[in-house]
Amino acid sequence: MSAIILPGADGSLYQRDMAWHPPAHTPGYKSTTFRAPRHSMLSLGPTKSELSGPTFGHETLGALDNDLIRNFSQDGTEAIGQRLVVYGQVLDENARAVPNTLVEFWQANAGGRYRHKKEGYLAALDPNFGGFGRAITDENGFYSFRTVKPGAYPWPNGGNDWRPAHIHFSVFGHAFAQRLITQMYFEGDPMIWQCPIVGTVPDKAGIEQLIARLDRHNTTPMDALAYRFDIVLRGRRSTMFENRLEGN
Amino acid sequence: MLHPTPILKETPSQTAGPYVHIGMTPNFAELRGVYDDPGATMLSEDTKGERIAIVGRVIDGAGAPVADAVIEIWQADAQGSFAGPAARHSNSAPSFTGWGRQAADGDGVFSFQTIKPGAVEGPDGRPQAPHVSLWIVARGINIGLQTRLYFADEAAANEGDYVLNKIMDKRRRQTLIARREEGPVPRYVLDIHLQGEKETVFFDF
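Treat the numbers as computed from the prediction; the structure is a model and nothing was measured.

1. Structural notes on the overall build of chain A
In step 1: Within chain A, the secondary structure is distributed over two helices and 14 strands.
In step 2: C-alpha atoms of chain A, sized along the principal axes, occupy 65 × 45 × 30 Å.
In step 3: Out of the 248 residues in chain A, the part that is buried amounts to 55%.
In step 4: Residue pairs in contact within chain A that sit at least 24 positions apart in sequence constitute 74% of those at least 6 positions apart.
In step 5: In the structure as shown, chain A presents an accessible area of about 10500 Å², 54% of it carried by carbon and sulfur atoms.
In step 6: Positive and negative charge centroids in chain A, built from 25 and 25 side chains respectively, lie 6 Å apart.

Structure follows, in structure tokens:
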């Protein structure tokens, strides 16, 4: 008996595997203590309101939006730090590319300092580094941006906790229920495994999904190293019909 | 009918951290001149429907404001249809984007200028009560919180709403219903309580 698969035939999404994500209250990350809801989330299938979502056209982006080395430059001077290309593919759980979706990113500078009025770390600001940018995925789901490698920094949690070098990511997908925020780490960094925020992710294999791989093939010679970070969003459920071809 | 299982695991969520305003509302964070804050404006002159403001505070379990939050909303237009900020590969912006993003200020207060949405069909084929989808991230929130805002002056529609009726403890339905305050632009007011006696109902849609 043959079967065909109609992508998204019922339009719905796979249920989120909440055991794969950090639980709301993670005592090792103290900020969750008063901010974690204590009731369980109410699990419902998405309705039209959650299966739809905003779309973003390429024309809304400026030429330097994905160039953190230059997009905040005050006088044409480039940002200080180890130059990187960070790129990757946005996929869904069915391993299908997610094209035309907005990816936003923000990070500390090469010394581990954020450009934020509440940031008190003593590392110096770089006048030519803002630390944020955005890209829209191409038809194959790829995004890329230029930046400098963020520094590690200490933060008030335990007595001497340090964040490993990381870049924050916000991704949309095509349904509001696919909305995701996460953080990217760098392959080989021993501090990943000592971080209470990394440690909120329950499964080691889940943490490994957050680690970008050094990609020598995409290095820009004499200029920038490349790291690849693929992102997986919730996928639409496919419905398998046996021997039925209508609607295809 | 069978549903194949997913091939890949979703990327795990991580907190947006204390400096999420840098990345998502840079101008609010005083980082100007790169691009406008996405989602700052939802309306155009041509937008049809009743102009309203949606305002509220995000409050933690100790009663403190969540000053480093970002709130996004997504909603239908006055006719109950969903649009987008721009049609793909098109330069024509729709008259209503349906999507808004605001930073919480030092008091945890957020404010959106939008329109009252029309009714959207529910999974049971009946209209859902008019509502706005909300998504909240901040330091100390490990995965973005999904909730909804309903309108107090839609009592009959709220009574029959598919999602509200899934909340077994009827008292908790009230955590999603915004009160109306009259003015030149009517305001709908709803506070988001992350924790505590008035904890907002959050959904895993």
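Next, the rest of the story.
2. Comments concerning the overall build of chain B
In step 1: Helix and strand counts for chain B stand at three helices and ten strands.
In step 2: Each helix and strand of chain B, placed in order from N terminus to C terminus, yields the pattern α-β-β-β-β-β-β-α-α-β-β-β-β.
In step 3: In summary, chain B has a C-alpha radius of gyration of 18 Å against a globular reference of 17 Å for 205 residues, a match within 12%.
In step 4: The C-alpha extent of chain B, read off along each of the three principal axes, is 50 × 45 × 40 Å.
In step 5: Per-residue burial over chain B gives 58% buried out of 205 residues.
In step 6: Of the contacts formed within chain B by residues at least 6 apart in sequence, a portion of 68% connects residues at least 24 apart.
In step 7: In the form shown here, chain B has an accessible surface area of approximately 8300 Å², with 50% of it arising from carbon and sulfur atoms.

3. A word on the interface of chain A and chain B
In step 1: Contact residues are listed per partner, giving 92 residues for chain A and 81 residues for chain B.
In step 2: Both faces combined, the contact of chain A with chain B buries some 7900 Å², and carbon together with sulfur accounts for 59% of it.
In step 3: Of all residues in chain A, the largest losses of buried area upon contact with chain B belong to Arg 35, Leu 44 and Phe 132 of chain A, amounting jointly to 11% of the total for that side.
In step 4: Taking the shortest distance from any N to any O, the salt bridge between Arg 101 of chain B and Glu 104 of chain A comes out at 2.7 Å.
In step 5: Per-element tally for the side of chain A that touches chain B: the top contributor is strand 10 (residues 180–186) of chain A, with five residues.
In step 6: Residue composition of the side of chain A that touches chain B, by class: 38 nonpolar, 33 polar and 21 charged.
In step 7: Here strand 2 (residues 42–43) of chain A runs beside strand 10 (residues 203–204) of chain B; their pairing, made up of two bridges, is parallel. Within strand 10 of chain B, the position partnered with Ser 43 of chain A by the bridge is Asp 204 of chain B.

4. Notes on the nonpolar core
In step 1: Ranked by internal contacts, the top residues of the largest apolar core, which has 38 residues, are Trp 106 and Phe 132 of chain A.
In step 2: Elements with a minimum of two residues in this core: strand 4 (102–106), strand 5 (132–136), strand 7 (153–155) and strand 10 of chain A together with helix 1 (20–24), strand 2 (70–74) and strand 5 (131–137) of chain B.
In step 3: If one sorts the elements of this core by residue count, helix 1 of chain B sits on top with three residues.
In step 4: Setting aside residues up to four positions removed in sequence, Phe 132 of chain A forms contacts with Leu 68, Asn 71, Phe 72, Phe 105 and Trp 106 of chain A together with Ile 22, Gly 23, Pro 26, Leu 31, Val 34 and Tyr 35 of chain B.
In step 5: If you look at the next biggest cluster of nonpolar residues, it comprises 27 residues, including Ile 52, Leu 134, Ile 141 and Tyr 188 of chain B.

5. Details of the confidence of the model for chain B
In step 1: Averaged over every residue, the pLDDT of chain B is 93; residues scoring 70 or more account for 94%.
In step 2: Across residues 85–92 of chain B, confidence stays below pLDDT 50; counting only partners more than four residues off in sequence or on other chains, it has 20 contacts.

6. Quick look at the packing of aromatic side chains
In step 1: With the rule as written, the count across this model stands at 18 aromatic pairs over all chains.
In step 2: Here a set of aromatic residues connected by ring pairs shows up, and it is made of Phe 105, Tyr 143, Phe 145, Phe 169 and Phe 229 of chain A.
In step 3: Lying across the ring of Trp 193 of chain A, Lys 204 of chain A places its NZ or CZ 5.2 Å from the centre.
In step 4: Over the ring of Phe 151 of chain B we find Lys 116 of chain B, and its NZ or CZ is 5.3 Å from the ring centre.

7. Let's talk about the environment of Ala 29 of chain B
All names here are of chain B.
In step 1: Take Ala 29: it is sitting in the loop between helix 1 and strand 1 (51–59).
In step 2: Counting along the chain gives 74 residues from Ala 29 to Ala 103, while the straight-line C-alpha distance between them is 9.0 Å.
In step 3: In this structure, Ala 29 is in contact with His 21 and Ile 22, ignoring residues within four places of it in sequence.

8. Side note on the environment of Phe 112 of chain B
Residue and element names in this part refer to chain B.
In step 1: Among the secondary structure elements, Phe 112 is positioned in strand 4 (residues 109–115).
In step 2: By relative accessible area, which is 1% here, Phe 112 ends up buried.
In step 3: Phe 112 sits 75 residues away from Arg 187 along the chain, and the two C-alpha atoms are 9.6 Å apart.
In step 4: What Phe 112 contacts, discounting residues up to four positions off in sequence, is Met 42, Ile 52, Ala 53, Ile 54, Ile 71, Ile 73, Gly 100, Arg 101 and Gln 102.

9. What to know about unusual backbone geometry
The phi torsion of most residues other than glycine is negative, and most of the peptide bonds are trans.
All names here are of chain A.
In step 1: Residues other than glycine seldom take positive phi values, yet Ala 95 does so here, at roughly 65°.
In step 2: Topologically, Ala 95 is positioned in the loop between strand 3 (83–92) and strand 4.
In step 3: For Met 222, which is not glycine, the phi torsion reads 60° and is therefore positive.
In step 4: Mapped onto the secondary structure, Met 222 falls in the loop between strand 11 (211–214) and strand 12 (225–228).
In step 5: A relative accessible area of 88% places Met 222 in the exposed class.

10. Let's talk about the pattern of salt bridges
In step 1: If you walk through the whole model with that rule in mind, you get 27 salt bridges over all chains.
In step 2: As a salt-bridge pair, Arg 83 of chain A and Asp 223 of chain A come within 2.8 Å of each other at their nearest N and O atoms. Here Arg 83 of chain A is found in strand 3, whereas its partner Asp 223 of chain A is found in the loop between strand 11 and strand 12, with 140 residues between them in sequence.
In step 3: Here Glu 181 of chain B makes a salt bridge to Arg 187 of chain B, at a shortest N to O gap of 3.2 Å.
In step 4: Looking at Glu 181 of chain B, the relative accessible area reads 25%, which means it is partly exposed.

11. Focus on the pairing of strand 2 of chain B
Residues and elements named next belong to chain B.
In step 1: The element strand 2 is extensively covered by neighbouring structure, given that five of its five residues are classed as buried.
In step 2: Residues Val 70, Glu 72 and Trp 74 of strand 2 are buried on one face, and the alternating residues Ile 71 and Ile 73, pointing to the opposite face, are buried as well.
In step 3: With five bridges joining them, strand 2 and strand 3 (residues 99–103) adopt antiparallel strand pairing. When the bridges of strand 3 are listed, Ile 73 appears paired with Gly 100.

Criteria and thresholds
Residues numbered from 1 in each chain as written. Chains lettered and ligands numbered in written order. Predicted model: local features only at pLDDT ≥ 70, side-chain atom pairs only at ≥ 80, totals over all residues. Heavy atoms only, no water. Helix = DSSP H or I, 4+ residues; strand = E, 2+ residues; numbered from the N terminus. Buried < 20%, exposed > 50% of the residue type's maximum accessible area, 1.4 Å probe, protein only. Contact = heavy atoms within 4.5 Å. Areas by Shrake-Rupley, 256 points an atom, 1.4 Å probe, with all protein chains shown as cover. Lys, Arg positive; Asp, Glu negative; His and termini not counted. Charge placed at Lys NZ, Arg CZ, Asp CG, Glu CD. Rg over C-alpha atoms; globule rule 2.2 N^0.38 Å. Buried area = accessible area lost by both parts, 1.4 Å probe. Salt bridge = Lys/Arg side-chain N within 4 Å of Asp/Glu carboxyl O. Nonpolar A, V, L, I, M, F, W, Y, C, P; charged D, E, K, R; others polar. Pairing = 2+ DSSP bridges. Core = buried A, V, L, I, M, F, W, Y, C linked by side-chain atoms within 4.5 Å. pLDDT = per-residue confidence, 0-100. Phe/Tyr/Trp six-rings, centres within 6.5 Å; stacked < 30°, edge-to-face > 60°. Lys NZ or Arg CZ within 6 Å of the ring centre and 35° of its normal.

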